[in-house]
Amino acid sequence: MAEVKKYEEPRIGVYVCHCGTNIAGSIDVKAVMEYARTLPNVIVADDYQYMCSTPGQNKIAEAIKEQKLTGIVVAACSPRLHEPTFRAATKEGGLNPFRFEMANIREQNSWVHMHQPEEATEKAKDSVRIAVAKASLLEDLIPKSVPVEKTAMVVGGGVGGMQAALDLASAGIKTYLVEKEPTIGGRMSQLDKTFPTLDCSQCILTPKMVDVFRHENIELLTYTEVEEVEGYIGNFDVTLRKKARGVITPEEATARGIIGGGCTGCGDCVEVCPVIKPNPFELGMAPMKAIYVYHPQVSPLIYTVDFDSCVKCGLCVDACGNERKAIDLDAKDELMTVKVGTVILATGYEIFPIEKKFEWGYKNYDNVITSLEFERLICASGPTGGHLIRPSDGETPKKIAFVLCAGSRDNTGVGKPYCSRFCCMYSLKHAHQVIEKIPGAVPYIFYMDIRSFGKMYEEFYYRIQDEGAKFIRGRVASILEDPVTKNLHVNAEDTLLGRPIDMEVDMVVLAAAIQPTAETEKTRRLFGVSCSQDGWLLEAHPKLNPCGTTTAGVYLAGVCQGPKDIPDTVAQAEGAASAASIPIHRGEVELEPYFAVCLEDKCAGCGMCVYQCPYGALSLIEKDGRTVMHVTEAKCKGCGTCGGFCPGGAIWMQHFTTPQIVAQIDAFLLGGEQ
Amino acid sequence: MADENWKPKIIAIICNWCSYAGADLAGGARIQYPPDIRAVRVMCTGRVDPLFIMKAFQDGADGVLVSGCHFGDCHYLEGNYKAAKRMFLLKSVLKNIGLEDKRLRMTFVSASEGAKWGHVMDDVIKTVSELGPSPLKEFAR
Ligand SMILES: Cc1cc2nc3c(=O)[nH]c(=O)nc-3n(C[C@H](O)[C@H](O)[C@H](O)COP(=O)(O)OP(=O)(O)OC[C@H]3O[C@@H](n4cnc5c(N)ncnc54)[C@H](O)[C@@H]3O)c2cc1C
Ligand code: SF4
Ligand code: SF4
Ligand code: FES
């Protein structure tokens, strides 16, 4: 264990990075370095092309040894990028890694003042002066190691969440898979075929669903939602709400002493249930009863009572019978709390309500459908047995328009500015299915650009062109319905031929944009995860840490982080599973030692701070005949809210102490040329 | 005092998780804004002791910006609410001592709002520039 050292006088080394021309392009690096040499406590100052490179880091380590430095300042990029790098270099030189301070002269200077080199250079000098002031007051800190619970949680049981759970579980980690719906599978179970290979979606998904259900290390919690989250990496306490399902599993039956009882998935109850309502899995295009499974391949194969529509007639209870006793119409929601070390969010997406683009008439015109509805209509297990029909008259459509980027890449403010990434490809797939299934039918694809970027995707595009699909480059301005025939007039501009088009078709399929689910906001707040401007969950770094989040121990998989197709979802899920298993396999994590410390001689014991702490880390204790505040380190997350409040200045916020911050303020305002 | 070359001295105390990240994002996107603000990073705006702000004004700062996460987004649940309350009170203190309360500003900029950070910079600098040098400046030190 490292020991805490004290030094007589601060001896600071300052290193200014050129970052190629990223910094040196607008800041006079030499001038900043020369300026640093004039600052109090600065023993050495140097500059280098790339401080983060091995020679750059070596400079720091060597100078610490040779010059007996007590603190290091690097003026370079953002500490959010390279603080860990330079802390390691500081440690390498034999100094406590927390004796390092960074001046951000790239993201918050050279890149934002590109055309003001003089002002940028002055600002860089100020930033270095501020950093030196802090570095002069930095102390040795010892990170705290905490043990990591050897369990994980995955929230969302789509293909992403399933893959992540399978990987974690196969690596020997007990994993809770939490799914809000009665079955796992997510959107992929609603698809008919998958591009570009055209394998049947259910055929490749169902075995995975069974694997999840059977895996000894996976505890599958369907029809369950996250209610509350407490704790931190290694030690999350997650409270779950198991929604009243009204039907018990064979295991639950055994636990209740009903030997040989519980739901067998026979479906006898469904026959007798008098309530009929639209099936959301079939997007309302097929009926279901108040006791239901969405489709035959659900996992687990346990029925669910929809208590919103159930009339409690009890017919199903009788049909189920006295031996199985699987139905309990008095069931109530149950809360349970589990402790997990790491969490993966894989909560997927929903379809943008495309009726908002009223000019295309979705929900007003019978024969305008969405691509997801197309998937159900063309699927052999769907509501029409796989016969694509016009909702208006049940006829088979021959001339079908596919409208791409419906609500995507839309800067009107109604739709979404981003590309939904899989609509081009699934629409090509749909065109293929139309040609294959309906003799003589012709798909017309209205597109802006075809984005076929994946492996074998461009080849798939050529194949569909060869098969006879017609491509028209242009955004569809409006769709009008012929009130008699219910045919549709698609109005667009063919931007390649430069002429307007008015095409009469039998059916229109809108490749509607996707968006974060309605619950995403709630879920991300529970786990303390940020979101990007359009609501997708925010990764820790867009390139270097696409599976992590800024909350240690919480990772992302699949579309909840941004639109992606199945191959990318599965790849990210495997990445997230690997990342989430690392702390668990290491067995402990180091927490940044930014804890509050009570300066007992200054503390008046007023207890005001106790109410400031959001984590209940503070309490009052009796010590040597006085009342003083006490910090429970394991609970303190180091926000500093108590320290910002204590009227007596009795709280020492490690690494952000009052003297350090005041020194920074003074250095800026009083330290430079007046 | 009011010489033509006068540039405001503004200090920003910003939280690590949202505003600092947002400011970094503005850099990545090369959003250009005037260079009159110096930032001090804290983990959360909850750390901001009103004393820091008084000290900055005492030192002659022309403006102070405190910027954190949006309400509900604070990495530590509610530090930004507590900070907002304190800034609110502090503004009335500033008024009482005869300092324009517009010199103190609290904003909420998320990690994905690089463009917003640029707007905040423009706006804070403009507001403080219009107010001119702080009347406390001559007492500084
Ligand atoms: C019409 C259409 C056709 C497509 N065709 C293809 C194709 O051919 N090939 C291809 O590669 N991709 C295709 N895709 C894309 C594919 O659907 C996605 O890539 C894939 O479903 C993403 O999986 P996921 O696990 O990230 O999200 P989802 O499949 O959305 O799964 C998320 C799961 O999380 C659950 N959940 C959500 N919130 C919570 C919560 N708060 N608590 C608990 N559980 C929650 C949901 O109920 C759901 O089960 C198509 C998409 C559409 C719309
Ligand atoms: S630490 Fe400060 S606020 Fe807390 S009890 Fe002591 S004096 Fe009061
Ligand atoms: S620093 Fe934050 S988490 Fe730690 S005791 Fe103070 S208020 Fe609580
Ligand atoms: S962490 Fe940003 S305001 Fe609290």
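Residues numbered from 1 in each chain as written. Chains lettered and ligands numbered in written order. Predicted model: local features only at pLDDT ≥ 70, side-chain atom pairs only at ≥ 80, totals over all residues. Heavy atoms only, no water.

As a further point, take helix α2 (residues 50-58) of chain B. Three or more residues of α2(B) are buried, namely F52(B), I53(B), A56(B) and F57(B). Considered in projection along α2(B), the buried side chains sweep an arc of 135 degrees and stay on one side of the axis. As for α2(B), its buried residues are in contact with α16 (658-669) of chain A together with β1 (10-15), β3 (63-68), α3 (79-96) and β4 (104-108) of chain B. Immediately beyond the C-terminal end of α2(B), within one or two residues, lies G60(B), with a positive phi of roughly 100 degrees. (Buried < 20%, exposed > 50% of the residue type's maximum accessible area, 1.4 Å probe, protein only. Helix = DSSP H or I, 4+ residues; strand = E, 2+ residues; numbered from the N terminus. Arc of directions from axis to C-beta. Contact = heavy atoms within 4.5 Å.)

What follows concerns the packing of aromatic side chains. Residues and elements named next belong to chain A. Enumeration according to the criterion identifies 16 aromatic pairs over all chains in this entry. Where Y461 meets Y462, the ring centres are 6.1 Å apart and the plane angle is 10 degrees; that geometry is what we call stacked. Aromatic side chains Y461 and F471 sit 5.4 Å apart centroid to centroid with 70 degrees between the ring planes, which places their arrangement in the edge-to-face category. Pair noted here: Y461 is in helix α13 (residues 457-467) and F471 is in strand β23 (residues 470-473), with a separation of 10 residues, a long-range link. (Phe/Tyr/Trp six-rings, centres within 6.5 Å; stacked < 30°, edge-to-face > 60°.)

What follows covers the interface of chain B and chain A. Listed as interface residues are 53 residues of chain B and, on the opposing side, 55 residues of chain A. Taking both partners together, chain B and chain A bury about 4700 Å²; carbon and sulfur atoms supply 56% of that area. Here chain B is connected to chain A by 5 salt bridges. Two residues, K55(B) and D666(A), come together in a salt bridge whose shortest N-O distance is 2.9 Å. Counting across the interface, chain B meets chain A through 27 residue pairs in polar contact (both at pLDDT 80 or more). (Buried area = accessible area lost by both parts, 1.4 Å probe. Salt bridge = Lys/Arg side-chain N within 4 Å of Asp/Glu carboxyl O. Polar contact = N/O pair within 3.5 Å; in protein donor to acceptor, adjacent residues only side chain to side chain.)

Here we come to the site of ligand 1. Residue and element names in this part refer to chain A. The environment of ligand 1 is made up of 36 residues, and the closest members are E179, Y349, K429, K564 and I566. In this structure, V159 approaches ligand 1 through a main-chain N or O atom, which is 3.3 Å from an oxygen atom. For ligand 1, an oxygen atom lies 2.9 Å from a polar atom in the backbone of V559. Expressed as a share of its isolated accessible area of 1000 Å², the protein-covered part of ligand 1 is 96%. Broken down by secondary-structure element, the contributors of at least two residues to the shell around ligand 1 are α6 (159-170), β8 (193-194), α11 (371-378), α12 (423-437) and α15 (566-586). Here the shell around ligand 1 is composed, by residue class, of 15 nonpolar, 12 polar and 9 charged. If you count residues domain by domain, the shell around ligand 1 takes at least three from each of domain 2 (151-242 + 337-348 + 518-586) and domain 4 (351-515). (Near = heavy atom within 4 Å. Areas by Shrake-Rupley, 256 points an atom, 1.4 Å probe, with all protein chains shown as cover. Nonpolar A, V, L, I, M, F, W, Y, C, P; charged D, E, K, R; others polar. Domains from an automatic or database assignment.)

Residues in contact with ligand 3, as listed here, are C613(A), P614(A), Y615(A), A617(A), L618(A), C636(A), K637(A), G638(A), C639(A), G640(A), C642(A) and M653(A). Residues that form the shell around ligand 3 fall into these classes: 9 nonpolar, 2 polar and 1 charged.

This part is about the packing of α2(B) against α3(B). All names here are of chain B. The contact between α2 and α3 brings their axes to 10 Å, and the two run at 35 degrees. Note on packing geometry: the crossing formed by α2 with α3 is right-handed. Counting all contacts with α2, which are made through P50, I53, M54 and F57, the residues of α3 involved are R86, M87, L90, V93 and L94. For the contact of α2 with α3, the per-class residue count stands at 8 nonpolar, no polar and 1 charged. (Axes fitted to C-alpha atoms, helices over the stretch in contact; angles between N-to-C directions. Left-handed = near helix turned anticlockwise from the far one by under 90°.)

What follows deals with empty space enclosed by the protein. Using the criterion set out here, one finds 7 cavities of 30 Å³ or more in the structure. Looking at the largest cavity, it is lined by 26 residues, and the ones nearest its centre are N104(A), Q108(A), Y20(B), A39(B) and V40(B). Of the residues belonging to the lining of the largest cavity, the class tally is 14 nonpolar, 5 polar and 7 charged. (1 Å grid on protein atoms, 1.4 Å probe; cavity = no way out; pocket = protein on both sides within 12 Å on 5 of 7 lines; lining within 4 Å. Points joined across faces, edges and corners; volume = space filled by probe spheres on them.)

Bringing the state of the cysteines into the picture now. All names here are of chain A. Here the structure, examined in full by the defined rule, presents 1 disulfide over all chains. There is a disulfide in this structure between C200 and C203, and the S-S distance comes to 2.2 Å. Residues C200 and C203 are joined through a disulfide that is right-handed, its torsion about the S-S bond being 85 degrees. On the basis of relative accessibility, which here comes to 26%, the residue C200 falls in the partly exposed class. In this structure C310 is not part of a disulfide, and its nearest cysteine sulfur, from C316, lies 6.4 Å away. No disulfide involves C316; its nearest neighbouring cysteine sulfur is the one of C313, lying 6.1 Å away. (Disulfide = S-S within 2.5 Å.)

Quick look at the pattern of salt bridges now. In this structure the tally under the stated criterion is 45 salt bridges over all chains. Its salt-bridge partner being E355(A), residue K363(A) comes within 3.4 Å of it at the nearest N-O pair. Note on K363(A): relative accessible area 61%, which makes it exposed. A salt bridge links K95(B) to D101(B); the shortest N-O distance between them is 3.7 Å. Each of E83(A), R87(A), E592(A) and R41(B) takes part in one network of salt bridges that share partners.

Inspection of the secondary structure puts S112(B) in the loop between β4 and α4 (114-131). Ignoring anything within four residues of it in the chain, the contact list for S112(B) reads C531(A), S532(A), Q533(A) and L25(B).

On domain assignment, one finds that chain A holds domain 1 (12-143), domain 2 (151-242 + 337-348 + 518-586), domain 3 (250-332), domain 4 (351-515) and domain 5 (596-654). The C-alpha-based centres of domain 2 of chain A and domain 5 of chain A are spaced at 38 Å.

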